[in-house]
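Here are the chains, one letter per residue:
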Amino acid sequence: MKKIFVKGIKGGTGTTSVVANLACALRKSHETVYVIDLDPKSDIGLHLGLAWDHLLGWSDYADFASASEQFHQDNDGVTFLPYGSGSNTKSSFKDIINHCQQLHDSDDAWFLFDCPAHINALEYPLDPEDIFLEVINCDAICHSLMYKQLNFLKQSGSSWQHYFLTNRFNSASELESDLLQLWQSELPLFAPLYINKDEAIMEATAFRNVAINCAPYSVANDDFETLAGWLVSRANNNES
Amino acid sequence: MNDLALKKSTVLTKNDIDNLLRQFGGKNQGYIEIVDVEKNRQTIDKYPLIKDIALSIKDTQQDKLFNKSTY
Amino acid sequence: MKLPERIIKTCLGFLFTKKITRFVFFKFHGYFNQHKISLLGAFILPFLVLFLSLFIKLDKNRKNLIKQKLKYFYPHVTRPVVTPSNCVRIVLQSIYLALFNTTTTSQAQISYEQRKTWRKIKHSLRILRLVDKKLVRAFKRLWLFAKTNPSAESYQRISKAEIWNNRILKIAFFTILIFAVAVFVTVPFSIEAQAVFISLLLIVAYSLRRVEGQMATITMITLAVTTSTRYLWWRYTDTLNWDDPVALALGIGLLLAESYAWLVLILGFFQTINPLKRKPLPLNEDTSTWPTVDIYIPTYNEPLSVVKPTTIAAQSIDWPADKLNIYILDDGKRPEFAEFARQIGVGYLTRSDNNHAKAGNMNQAMKVTQGEYIAIFDCDHIPARSFLQMTMGQFLNDSKVCLVQTPHHFFSADPFERNLKNHRKIPNENMLFYGLIQDGNDMWDATFFCGSCAVLRRSALEEIGGFAVETVTEDAHTALRMQRAGYKTTYINIPQAAGLATDSLSAHVGQRIRWARGMAQIFRLDNPLFGKGLNIAQRLCYLNAMLHFLSGIPRIVFLTAPLALIYFNAQIIYAPFVAIFLYIVPTLLQVKITNSRIQGKYRYSFWGEVYESVLAWYILKPTTVALINPNKGKFNVTEKGGLNDTDHYDWTISRPYIILLLINVIGMTYGVFRLFFGDTSQIGVLIISMLWASYNVIILGAAVAVAAEAKQVRSSHRIKANFPAAIRLANGHTIKVKITDYSDNGVGLETEHSHLCRVNDKVELLMSRGFKQYSFATYICNTRDKQLGLTLRDLDLEKQKAFIQCTFSRADAWLDWQENFKHDKPSYSFSNVFYTSLRGFKNLIFHAPNELRPVIVFVSQVLYFVASLLPKKPTKAFKPS
């Protein structure tokens with residue numbers, strides 16, 4: 001079972017679209033993919049074709065067995081569990097994460113967790129093979145936040161695989177170019193790839209779909225393919 | 001499952017060095033992508049916020065954190 | 001009606017009826033006005049017709065029938081019928097029809113016959129191919145059997161046995177081997193024995209040509225060496241006519257030329273038998289241990305637009321910036337260069353004089369720079385960013401290495417490719433040396449410096465006193481000196497830089513003249529065959545390089561030799577026709593097949609002769625002069641970067657070929673003449689000479705074709721490419737693309753899917769260099785269904801640098817320099833040369849200077865007229881209507 005946690009370093013960095021597109025990319029390589037929405041905004045469903053007025057999710061149930069009724073599957077075969085409206089206060093994301101291991105075909109499956117920006121990585125029950133992606137944009141605020149996070153991680157002694165992943169990169173901007181080059185050589189835990197800014201990603205959500213399906217000839221398609229490939233090689237390295 | 005691991009995306013991330021090494025050097029060949037230290041220094045100097053952070057990092061002497069194998 | 005007509009009419013009215021008179025006049029007018037027959041003819045003809053009508057019933061149908069029949073049998077007779085030339089035609093055609101059986105076959109019948117013959121030919125070809133395949137397969141099986149046979153174990157044991165380490169035994173073995181070979185070569189065979197021997201060898205060589213592997217190559221080389229040595233021995237002992245002084249003199253001349261060719265062949269085999277294919281060595285991961293490198297870019301009169309990309313690419317070489325120093329060495333002392341150097345941040349060096357051209361320039365630069373290694377790029381050779389990391393490993397691995405040389409690759413077409421329009425279709429002239437010969441040299445540690453795209457060790461240069469200045473090819477001389485001092489040289493056969501080929505044929509020839517002169521000077525001033533510091537293999541490699549430039553006289557001898565027999569009836573090869581045939585033809589075939597196998601990917605058969613013929617006349621004098629007096633003759637720099645703005649024919653440079661061509665063509669016609677009217681005892685030899693002369697004509701025709709300079713349209717060269725990139729449209733959407741070509745201010749690209757872009761749309765081009773992505777503002781300048789052409793706009797210096805880093809400077813930019821070339825096929829290559837030759841002739845006529853034009857037109861008209869007089873076979877089926 002491979003767990004990938006995706007969180008924005010701050011709000012609005014495009015985390016949910018990364019999760020949705022990544023799920024689709026993994027699915028296109030015939031992997032079994034589960035997406036668990038841990039974000040109270042509960043919007044991963046909108047990327048994966050869920051009806052807008054479907055308000056229920058795992059956070060509306062007390063136990064996992066009943067929550068698992070809320071698993072949906074999109075057209076590509078990605079199985080996802082929405083957050084819901086948070087009506088049941090006994091539910092916690094830590095339980096959900098632990099329960100996922102009980103799913104019967106979970107040995108080879110990928111579990112992607114869409115995490116909210118306000119909960120720090122340290123609060124999650126992470127194993128050494130788990131991969132934690134912190135989605136950033138190329139600006140000075142994220143630069144500052146990353147170094148703060150690095151301090152945090154160092155002090156608390158993280159044991160999992162933590163990476164900073166750049167989203168919405170626009171090479172035409174001088175600031176973004178400069179920062180990316182700086183990060184690539186200087187910043188620890190920096191992921192060796194980035195997702196380019198592409199209108200297709202945003203446009204796809206208006207079609208209740210992901211960019212990979214809507215714009216197969218776009219750069220976004222390739223970027224997510226690369227991301228999926230890199231994660232697979234990371235996971236393989238973990239296992240060996 | 002492994003084909004995804006070996007597959008490399010062709011747009012923008014395909015490296016010309018890979019081509020070169022594939023033909024002549026093989027996987028063991030180490031090609032060092034040189035860091036443009038001068039450019040980085042200019043970036044740090046250009047943006048005051050970045051500069052502040054860089055100075056304070058040097059003060060606290062932060063060790064580099066590495067994952068098991070970064071690349 | 002006019003007065004004379006009236007008179008005649010009334011006269012006729014006395015003799016004939018009104019009807020007949022009217023008929024006569026009607027016919028008269030018809031003949032005179034319509035058919036333009038002369039007055040008298042037009043007048044007499046109606047009477048003739050009337051007379052005939054007394055005997056033959058000439059009704060309309062019959063007349064038409066007769067007309068048709070006549071037209072059928074005399075198809076080439078023109079209207080009007082009664083002219084002197086037509087009389088000749090009718091007479092000749094009648095004789096032809098009477099004497100020869102002109103089967104009046106229909107078109108269907110003819111095509112049926114054609115198909116039958118074609119089928120027969122195809123059938124026999126199929127049988128030949130089957131035999132060939134079976135032979136080849138049998139040989140392959142035999143070969144593999146010999147290789148994998150378990151009894152080969154004993155062979156292995158023997159070959160690895162300790163016995164070989166015994167020196168005496170080794171010497172004894174080689175002596176016996178040489179003795180055996182000598183016997184083989186010198187034993188005189190009778191004609192039949194020779195025929196059998198030769199055919200055996202040919203069959204073996206022919207079947208081996210599909211077998212891969214080094215052993216098969218070595219076998220073929222051995223066979224070729226045996227055959228050619230035998231041939232030469234035979235020539236020396238058996239074919240000189242001591243009685244006839246003219247024949248003797250000419251015969252010895254030809255023999256010397258053939259000996260030269262044999263020597264070059266043997267040395268060539270030795271040189272290229274085992275190309276080293278050296279692999280690049282990786283450097284230490286810790287870049288602080290890497291040495292400092294100076295990059296010299298010497299320039300004299302080249303425009304800034306040529307030097308700019310080179311300098312920018314040099315700056316972007318992947319090497320620590322604090323250990324890399326770039327210098328423009330400007331002998332032209334131009335202020336715009338100084339300004340440019342200041343702008344992008346490279347060094348700019350000049351000197352007070354211009355002595356010793358490039359070598360002096362670089363020696364002066366060495367005095368003011370300190371890098372441990374010196375890399376040199378001609379000002380138009382754009383380096384890839386991986387250049388240093390691919391080459392420096394050799395130095396750090398072995399402290400005796402003083403030079404790492406890489407291939408000179410051209411992204412523009414050289415004069416041969418441009419004028420003959422076979423850029424990237426056949427390997428160019430350069431390819432043989434950098435693809436094969438230099439790699440072979442590397443095996444024997446005899447690589448020499450080629451002046452650019454190389455790195456040298458400063459300490460070695462200082463030990464020999466800097467770059468050599470005594471000759472005009474200072475590069476080869478410098479390498480020679482360093483080798484004498486005990487250093488090693490290396491060659492990495494991966495193109496890591498590319499530059500401009502020579503612009504025009506005259507510039508090309510000028511460059512080769514310089515190299516030839518330089519090589520001859522080296523041989524006079526610092527002979528590699530003598531002197532200390534070199535081993536025998538190195539000396540032989542240098543000898544071969546030198547001999548290559550002495551090919552002027554032998555090539556001219558070969559181009560004129562057959563004429564000796566035709567014009568002077570001089571028996572330069574004093575042997576019966578059969579012997580000549582049995583010795584020459586198989587040797588030539590053998591040599592051609594072996595060379596094709598060894599050089600197949602680097603040079604196609606027969607093109608070597610063309611290149612040599614083009615240069616032969618011009619390198620004659622400089623080499624001879626340089627051999628006699630090495631210090632005479634001036635140094636002329638090769639110009640780079642000029643533009644050819646019109647299609648024109650270079651008469652000056654092609655004069656020698658045209659003269660040689662004329663001599664040969666006249667010789668051939670004279671030979672035909674002699675064939676029919678001369679004495680028939682010499683006929684066999686005459687035919688061989690004429691075949692040889694016709695071969696020369698074809699080669700010379702191709703040489704003539706090269707002198708037709710094609711117009712160079714573009715001012716910036718377009719380079720073919722194949723790497724991925726992306727574009728971002730104005731609406732934010734991105735499209736994956738493939739860059740198919742680029743120039744210094746634009747790219748051409750291809751999309752997977754039809755795009756909806758239009759001309760003048762603004763588009764952002766995203767390209768990467770390694771992990772870095774750059775964005776370029778462009779607009780669309782042309783578009784087709786799946787293709788786009790983009791032109792860059794707003795290119796400041798930073799963007800220019802980035803663009804070059806993403807295109808010219810890519811590590812894999814030139815890796816496909818050889819990939820498109822299939823292996824040589826001699827027959828196909830020959831037909832290629834043949835068609836080029838035809839084109840050469842056409843060019844000659846097309847570009848003829850205006851004074852000659854009326855002559856040519858007249859001659860062609862005469863030929864056409866004579867051809868029209870000849871009888872023609874009636875082709876259409878005759879169908880009586």
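Residues numbered from 1 in each chain as written. Chains lettered and ligands numbered in written order. Predicted model: local features only at pLDDT ≥ 70, side-chain atom pairs only at ≥ 80, totals over all residues. Heavy atoms only, no water.

Looking up chain C in an unreviewed UniProt entry gives the name Cellulose synthase catalytic subunit [UDP-forming], with the organism given as Pseudoalteromonas lipolytica. The Cofactor (unreviewed entry) comment attached to chain C in UniProt states, word for word, "Mg(2+)". A UniProt comment under Pathway (unreviewed entry) is attached to chain C, and it reads "Glycan metabolism; bacterial cellulose biosynthesis." (UniProt positions renumbered as here; feature names shortened; annotations may be inferred.)

K.L.:
Please clarify how the domain arrangement of chain C should be interpreted in this entry.
P.N.:
In many analyses, interface size is given as the accessible surface area lost on bringing the parts together. Residue and element names in this part refer to chain C. If you check the domain split of chain C, you get domain 1 (3-84), domain 2 (107-160), domain 3 (182-273 + 551-709), domain 4 (290-501) and domain 5 (719-813). Across the boundary between the two partners, domain 2 contributes 6 residues, which contact 11 residues of domain 3. Between domain 2 and domain 3 lies a buried interface of about 780 Å² when both sides are counted; carbon and sulfur atoms form 75% of it. Viewed at the interface, domain 3 and domain 2 are joined by 0 salt bridges. For the interface between domain 2 and domain 3, the tally reads 0 residue pairs in polar contact (both at pLDDT 80 or more). Its residues assigned to classes, the side of domain 2 that touches domain 3 comprises 4 nonpolar, no polar and 2 charged. (Domains from an automatic or database assignment. Contact = heavy atoms within 4.5 Å. Buried area = accessible area lost by both parts, 1.4 Å probe. Salt bridge = Lys/Arg side-chain N within 4 Å of Asp/Glu carboxyl O. Polar contact = N/O pair within 3.5 Å; in protein donor to acceptor, adjacent residues only side chain to side chain. Nonpolar A, V, L, I, M, F, W, Y, C, P; charged D, E, K, R; others polar.)

K.L.:
Teacher, can you tell me more about the interface of chain B and chain C here?
P.N.:
Across the contact, 18 residues belong to chain B and 31 residues belong to chain C. Both sides together, the interface formed by chain B and chain C hides about 2300 Å², and carbon and sulfur atoms give 60% of it. The partner of arginine 385 of chain C in a salt bridge is glutamate 33 of chain B, with the nearest N and O atoms 3.1 Å apart. Linking chain B to chain C there are 4 residue pairs in polar contact (both at pLDDT 80 or more). Each residue belonging to the side of chain B that touches chain C can be placed in one class, and the counts come to 9 nonpolar, 6 polar and 3 charged.

K.L.:
Mind showing me how you'd approach the pattern of salt bridges here?
P.N.:
When the charged atoms of two side chains with opposite charge come close together, those side chains can pair. All names here are of chain C. What the rule picks out here adds up to 36 salt bridges over all chains. Among the ionic pairs, arginine 385 bridges to aspartate 318, the shortest N-O distance being 2.7 Å. Linking arginine 385 in the loop between β5 (382-383) and α15 (387-397) with aspartate 318 in the loop between α12 (304-315) and β2 (324-330), this pair joins segments that are 67 residues apart in sequence. (Helix = DSSP H or I, 4+ residues; strand = E, 2+ residues; numbered from the N terminus.)

K.L.:
Would you mind going over a positive patch on the surface with me for this structure?
P.N.:
Together, Arg115, Lys116, Arg119, Lys120, Lys122, Arg126, Arg129, Lys133, Lys134, Arg137 and Arg141 of chain C make up a region of like positive charge exposed at the surface. Here arginine 115 of chain C is to be found in helix α6 (residues 107-148). (Patch = residues over 30% accessible without salt bridge, like charges linked within 9 Å, V, L, I, M, F, W, Y side chains within 5 Å. Areas by Shrake-Rupley, 256 points an atom, 1.4 Å probe, with all protein chains shown as cover. Lys, Arg positive; Asp, Glu negative; His and termini not counted. Charge placed at Lys NZ, Arg CZ, Asp CG, Glu CD.)

K.L.:
Is there a simple way to explain the packing of helix α5 (residues 140-156) of chain A against helix α6 (residues 174-186) of chain A in this structure?
P.N.:
For any two helices packed against each other, the geometry comes down to the angle between their axes and how far apart the axes lie. All names here are of chain A. Interhelical geometry of α5 versus α6 gives an angle of 20° and a closest axis separation of 11 Å. On the basis of the axis angle, α5 is roughly parallel to α6. When you trace α5 past α6, the crossing you get is left-handed. On α6, the residues that touch Ala140, His143 and Met146 of α5 are Leu179, Leu182 and Trp183. Each residue belonging to the contact of α5 with α6 can be placed in one class, and the counts come to 5 nonpolar, 1 polar and no charged. (Axes fitted to C-alpha atoms, helices over the stretch in contact; angles between N-to-C directions. Parallel < 35°, antiparallel > 145°, perpendicular 65-115°, else oblique. Left-handed = near helix turned anticlockwise from the far one by under 90°.)

K.L.:
Sorry, what's going on with the environment of isoleucine 178 of chain C here?
P.N.:
Position of isoleucine 178 of chain C among the secondary structure elements: in helix α8 (residues 167-186). Spatially, the C-alpha atom of isoleucine 178 of chain C lies 57 Å from that of aspartate 353 of chain C, the residues being 175 residues apart in sequence.

K.L.:
Is there a simple way to think about the sheet that holds strand β1 (residues 293-299) of chain C in this case?
P.N.:
Sheets are built from strands paired through backbone hydrogen bonds, the pairs being either parallel or antiparallel. All names here are of chain C. Pairing is mixed in the open sheet, where 7 strands are placed in the order β3-β2-β1-β4-β8-β6-β9. Looking along the sheet, the strands with just one partner apiece sit at the ends: β3 (347-349) and β9 (488-491). Strand-to-strand twist across the sheet, computed as the mean angle between neighbouring axes with direction ignored, equals 25°. Pairing of strand β6 (residues 401-405) with β9 involves 4 bridges; the strand directions are parallel. (Pairing = 2+ DSSP bridges.)

K.L.:
I keep staring at the sheet that holds strand β14 (residues 734-742) of chain C and nothing clicks. Help me out?
P.N.:
All names here are of chain C. The 6 strands lie next to each other as β13-β14-β15-β18-β17-β16, forming a closed barrel whose pairing is antiparallel. Across the sheet, the mean angle from the axis of one strand to that of its neighbour is 45°, orientation sign disregarded. When strand β15 (residues 746-751) meets strand β18 (residues 787-792), the two strands line up antiparallel, connected through 5 bridges. Note that in β18 the partner of leucine 749 across the bridge is leucine 788.

K.L.:
What am I meant to see in a nonpolar patch on the surface here?
P.N.:
Residues and elements named next belong to chain C. A contiguous nonpolar patch, built from Val855, Phe858, Val859, Val862, Leu863, Phe865 and Val866 and spanning about 630 Å² of accessible area, is present on the exposed surface. Relative to the helices and strands, leucine 863 is located in helix α29 (residues 853-869). You can call leucine 863 exposed: its relative accessible area is 57%. (Buried < 20%, exposed > 50% of the residue type's maximum accessible area, 1.4 Å probe, protein only.)

K.L.:
Is there a simple way to think about unusual backbone geometry in this case?
P.N.:
Backbone geometry follows two general trends: most residues other than glycine have a negative phi, and most peptide bonds adopt the trans configuration. Here histidine 30 of chain A, not a glycine, exhibits a phi torsion of approximately 65°, which is positive. Residue placement: histidine 30 of chain A occurs in the loop between α1 (15-28) and β2 (33-37). Positioned with a positive phi, phenylalanine 606 of chain C is a non-glycine residue whose angle comes to about 75°. Structurally, phenylalanine 606 of chain C is set in the loop between α23 (577-599) and α24 (607-628). Owing to a relative accessible area of 14%, phenylalanine 606 of chain C belongs among the buried residues under this scheme.

K.L.:
Where do I start with helix α7 (residues 199-206) of chain A in this structure?
P.N.:
Residues lying three or four places apart along an α-helix face the same way, a consequence of the helix completing one turn every 3.6 residues. Residue and element names in this part refer to chain A. All of the buried residues along α7 are Ala200, Ile201 and Ala204. Viewed end-on, α7 has its buried residues packed into an arc of 105°, placing them on one side of the element. For α7, the exposed residues set more than 90 degrees away from the buried face come down to Met202 and Ala206. Among the structural elements, α1, β8 (190-196), α8 (211-214) and α9 (219-239) are those in contact with the buried residues of α7. Where α7 begins, the capping side chain belongs to aspartate 198, and its oxygen is found 3.0 Å from the backbone nitrogen of alanine 200. (Arc of directions from axis to C-beta.)

K.L.:
Just checking my understanding: could you explain the pairing of strand β4 (residues 373-376) of chain C for this structure?
P.N.:
A regular strand places its side chains so that they alternate between the two faces of the sheet. All names here are of chain C. In β4, alternate side chains face the same way, and those of Tyr373 and Ala375 on one face and Ile374 and Ile376 on the other are all buried. Where β1 and β4 come together, 4 bridges link them in parallel fashion. Of the residues in β4, the one forming a bridge with valine 293 is tyrosine 373. For β4 and strand β8 (residues 454-457), the ladder comprises 4 bridges, and the chain directions are antiparallel. The partner of isoleucine 376 across the bridge, within β8, is alanine 454.

K.L.:
What exactly am I supposed to notice about the state of the cysteines here?
P.N.:
Chemically, a disulfide is nothing more than a covalent bond linking the sulfur atoms of two cysteines. This structure, assessed with the given rule, holds 0 disulfides over all chains. In this structure cysteine 138 of chain A is not part of a disulfide, and its nearest cysteine sulfur, from cysteine 142 of chain A, lies 8.3 Å away. Not part of a disulfide, cysteine 757 of chain C finds its nearest cysteine sulfur in cysteine 781 of chain C, a span of 12 Å. (Disulfide = S-S within 2.5 Å.)

K.L.:
Even after reading the chapter, I still don't get the pairing of β1 of chain C, so can you show me in this structure?
P.N.:
All names here are of chain C. The element β1 is extensively covered by neighbouring structure, given that 7 of its 7 residues are classed as buried. Both β1 and β2 contribute to a ladder of 7 bridges, which runs parallel. Pairing of tyrosine 296 across the sheet is with tyrosine 327, part of β2. Remark: the β1/α12/β2 crossover connection has right-handed handedness. (Right-handed = clockwise from strand over helix to strand, strands pointing away.)

K.L.:
Please explain the nonpolar core as it appears in this structure.
P.N.:
Soluble, globular proteins show a tendency: their nonpolar side chains are buried together. Residue and element names in this part refer to chain C. Among the nonpolar cores identified, the biggest contains 90 residues, and Tyr296 and Phe467 are the most heavily contacted of them. When residues in this core are grouped by element, the largest group, 9 residues, is from helix α26 (residues 683-706). Residues from two domains meet in this core; each of domain 3 (182-273 + 551-709) and domain 4 (290-501) gives at least three. The contacts of tyrosine 296, once residues within four sequence positions are left out, are Tyr327, Leu329, Met362, Ala365, Met366, Thr369, Ile374, Ala375, Ile376, Phe377 and Arg458. Counting 76 residues, the second largest nonpolar core, distinct from the first, contains Ile295, Met392, Tyr742 and Tyr774. (Core = buried A, V, L, I, M, F, W, Y, C linked by side-chain atoms within 4.5 Å.)

K.L.:
What am I meant to see in the environment of isoleucine 17 of chain B here?
P.N.:
Take isoleucine 17 of chain B: it is sitting in helix α2 (residues 16-24). Among the residues examined, isoleucine 17 of chain B registers a relative accessible area of 3% and is labelled buried. Ignoring sequence-local partners within four residues, the contact set of isoleucine 17 of chain B consists of Tyr31 and Glu33 of chain B together with Arg385, Ser386 and Ala811 of chain C.

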